[in-house]
Amino acid sequence: MPRFVTAIRLSSYGAAYFFAAGAFMSYWPVWLRDRGVEDAEIGTLFMSRQIMSVASTLMIGWLAHRIGGTRGLILALASAAILLMIGYQFSHGFLAILLVSLVWGAVWAPTMALYDGVLVTETKARGFNYGSLRVWSSVAFILGVVICGAAVDRNGPSWVLYVGFAGIVLLVPCALLLPPAESHHRDAAQHAPFGIRDLLTSRPFLLFMIATGLCQASHAVLYSFGTLTWRAAGIDDVTISLLWGLSVAVEIVLMLFSGRLLARLGVCGMIALALGCGMVRWLGMAFTTELWALVPLQALHAGSFAACHLGAMAFIQRALPASGAALGQSVYYAIGTGATQAVIFQIAGVLYGEFGQKAFLGMFVVSTIGMVAIIALARQWKGGLLVGDAAG
């Protein structure tokens, strides 16, 4: 099969997923406000969804680890996501939305963990660069953000759901395009020489999850209240959507050069870069909503998110054997980012309700703690396997 066809098959699912994510991440709080949800309740919704994501991602990741194939599981989760979008349409008020969100958390997060497991394994086996394939996810995210912003500006907050749904309905056909697990991958997974306990008792792996988990969780105030803050400052929805789009456009540039950047900085250096960008970003956002300042602060998303994610994927690729990619991804997404985000999202809601924009200072502290963890990891891990037969 030609390489470009394989690249399309590997990247299309991520593109559909992140088109929907672009709509939801930037404008979901606006939709919630329109449905009568208050600021503290928004934090509770994000936290509750994340808690469900933790349990579900671990369970489904363990299942994928045992059976060795993920495409069927991804297809089932994508189908369930379509039904849940219909459920949101008929949900009004906090309790109704909470019930749908709990089920949504059990479906949405495991999908990306499994997909990234496929991507990490296949890029390593087929000689692709992970960042070059994930670029299309970023492009789709920008489209989702910009289209959603324009739709909300023209037709109101209800269109957040409609734009997101357009991406979600594409998940099923895109899941069918993913390559099925090859027999040697299945056999390796069925005889995988390690489990969840081995990962959770590995000090370097724990430090990795603390550093990357806190880096990703430090976006909690931005994801929950960034759009609301900018709207309150008088910035229109189209400009807000362009701010979100800008953050991912710069991320694309970083991904295109991710191979060279990783070679120069190393895994720990890449994650440290992300945490440093986060510290600068949240400090700035705590004190200004001026457009001239928000543009460079949003551009730092290339560091605070993309550099962290690329560093995390490189760590899993190098620290775990191929047979453990699905499990490693699931533990990382469930505990490293999921559980951490569940706590920080709730804290973000409380901080924002009490201090408003100054809540970003709390995210500066979160990034600083993550920096301490990555420095400790750099001193302990020298780039080898942590678990499995070849672990040193």
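Along the protein chain, the regular secondary structure elements total 17 helices and zero strands. Taking 392 residues into account, the globule formula puts the C-alpha radius of gyration at 21 Å, and the protein chain, at 20 Å, falls close to it. A principal-axis box enclosing the C-alpha atoms of the protein chain has dimensions of 55 × 45 × 40 Å. For the protein chain, with 392 residues in total, the buried portion stands at 59%. Across the protein chain, every contact between residues at least 6 apart in sequence was considered, and the portion connecting residues at least 24 apart equals 85%. Just so you have it, the protein chain exposes about 14800 Å², and 68% of that area is on carbon and sulfur atoms. In the protein chain, which carries 22 positive and 16 negative side-chain charges, the distance between the mean positions of the two groups comes to 11 Å.

As a further point, take the pattern of salt bridges. Considering all chains together, one arrives at two salt bridges under this definition. With a shortest N-O distance of 3.2 Å, Arg134 and Asp116 are connected by a salt bridge. With a gap of 18 residues between them, Arg134 in helix H5 (residues 130–155) and Asp116 in helix H4 (residues 94–126) connect regions that are remote in the sequence.

Residues Trp62, Leu63 and Ile67 make up a contiguous nonpolar surface patch of about 280 Å² in total accessible area. Tracing the backbone shows Trp62 in helix H2 (residues 39–67). On the basis of relative accessibility, which here comes to 46%, the residue Trp62 falls in the partly exposed class.

This part covers helix H12 (residues 237–256). One turn of the α-helix equals 3.6 residues, which is why residues spaced by three or four share an orientation. Here H12 is 20 residues long and its end C-alpha atoms lie 29 Å apart, about the 28 Å a rise of 1.5 Å per residue gives. Where H12 begins, one side-chain oxygen reaches toward the backbone nitrogen of Val238, 3.1 Å away; that side chain belongs to Asp236.

On to the nonpolar core, then. Residues Tyr13, Ile168, Phe208 and Phe315 are the most contacted members of the largest nonpolar core, which totals 135 residues. Considering every element that reaches this core, the biggest residue donor is helix H1 (residues 3–34), with 17 residues. Residue contacts for Tyr13: discarding those within four places in its chain leaves Ile74, Ala78, Thr111, Tyr115, Leu171, Cys174, Ala175 and Leu178.

The next point concerns the packing of aromatic side chains. For the structure shown, the criterion picks out 21 aromatic pairs. When the ring of Tyr13 is compared with that of Tyr115, the centres are 5.4 Å apart and the planes differ by 40 degrees; the resulting orientation is tilted. A residue pair is termed long-range when its members are at least 10 positions apart, and Tyr13 in helix H1 and Tyr115 in helix H4 qualify at 102 residues. Neither residue differs from the other here; Tyr13 and Tyr115 are each classed as buried. Aromatic rings pair up to connect Tyr17, Phe18, Phe24, Trp28, Trp31, Tyr88, Trp104 and Trp108 into one cluster.

A separate point is helix H14 (residues 291–299). Among the residues of H14, those classed as buried are Ala293, Leu294, Leu297 and Gln298. Looking down the long axis of H14, one finds its buried residues gathered within 125 degrees of arc, a one-sided arrangement.

Now for the confidence of the model for the protein chain. Taken over all residues, the pLDDT of the protein chain has a mean of 87, while the share at 70 or more is 94%. Within the protein chain, the lowest mean pLDDT, 45, falls on helix H8 (residues 183–190), and the highest, 97, falls on helix H17 (residues 360–380). Per-residue pLDDT stays below 50 along residues 182–191; that stretch engages in 14 contacts with residues further than four places along the chain or on separate chains.

Here the focus is the side chain of Gln329. Relative to the helices and strands, Gln329 is located in helix H16 (residues 325–355). In this structure Gln329 comes out as buried when scored by relative accessible area, which is 0%. Apart from residues no more than four positions distant in its own chain, Gln329 is found in contact with Ala113, Asp116, Gly117, Val120, Met313 and Ile316.

A word on the environment of Phe257. In this fold, Phe257 is placed in the loop between H12 and helix H13 (258–285). The class for Phe257 is partly exposed, based on a relative accessible area of 42%. For the pair Phe257 and Gly87, spaced 170 residues apart in sequence, the C-alpha to C-alpha distance is 41 Å.

What follows deals with the side chain of Ser138. With respect to the element layout, Ser138 can be found in helix H5. Contacts of Ser138, omitting those with residues within four sequence positions, involve Val248, Glu251, Ile252 and Met255.

A few words now on the packing of H1 against helix H11 (residues 220–232). Where H1 meets H11, the closest approach of the two axes is 7 Å, and the angle between their N-to-C directions is 75 degrees. One element, H1, and the other, H11, form an angle in the roughly perpendicular class. Contacts from Met25, Ser26, Tyr27, Pro29, Val30 and Arg33 in H1 reach Tyr223, Ser224, Thr227, Leu228 and Arg231 in H11. Classifying every residue of the contact of H1 with H11 by side-chain character gives six nonpolar, three polar and two charged.

Below, the discussion takes up the packing of H12 against H13. Running from N to C, H12 and H13 point in directions that differ by 155 degrees, and their axes come no closer than 11 Å. Regarding the angle of H12 to H13, the classification is roughly antiparallel. Across the interface between the two elements, Ser247, Leu254, Met255 and Leu256 from H12 touch Ser258, Leu261, Met270 and Arg281 from H13.

Criteria and cut-off values
- Residues numbered from 1 in each chain as written.
- Predicted model: local features only at pLDDT ≥ 70, side-chain atom pairs only at ≥ 80, totals over all residues.
- Heavy atoms only, no water.
- Helix = DSSP H or I, 4+ residues; strand = E, 2+ residues; numbered from the N terminus.
- Rg over C-alpha atoms; globule rule 2.2 N^0.38 Å.
- Buried < 20%, exposed > 50% of the residue type's maximum accessible area, 1.4 Å probe, protein only.
- Contact = heavy atoms within 4.5 Å.
- Areas by Shrake-Rupley, 256 points an atom, 1.4 Å probe, with all protein chains shown as cover.
- Lys, Arg positive; Asp, Glu negative; His and termini not counted.
- Charge placed at Lys NZ, Arg CZ, Asp CG, Glu CD.
- Salt bridge = Lys/Arg side-chain N within 4 Å of Asp/Glu carboxyl O.
- Patch = residues over 30% accessible without salt bridge, like charges linked within 9 Å, V, L, I, M, F, W, Y side chains within 5 Å.
- Expected span 1.5 Å × (residues − 1).
- Polar contact = N/O pair within 3.5 Å; in protein donor to acceptor, adjacent residues only side chain to side chain.
- Core = buried A, V, L, I, M, F, W, Y, C linked by side-chain atoms within 4.5 Å.
- Phe/Tyr/Trp six-rings, centres within 6.5 Å; stacked < 30°, edge-to-face > 60°.
- Arc of directions from axis to C-beta.
- pLDDT = per-residue confidence, 0-100.
- Axes fitted to C-alpha atoms, helices over the stretch in contact; angles between N-to-C directions.
- Parallel < 35°, antiparallel > 145°, perpendicular 65-115°, else oblique.
- Nonpolar A, V, L, I, M, F, W, Y, C, P; charged D, E, K, R; others polar.

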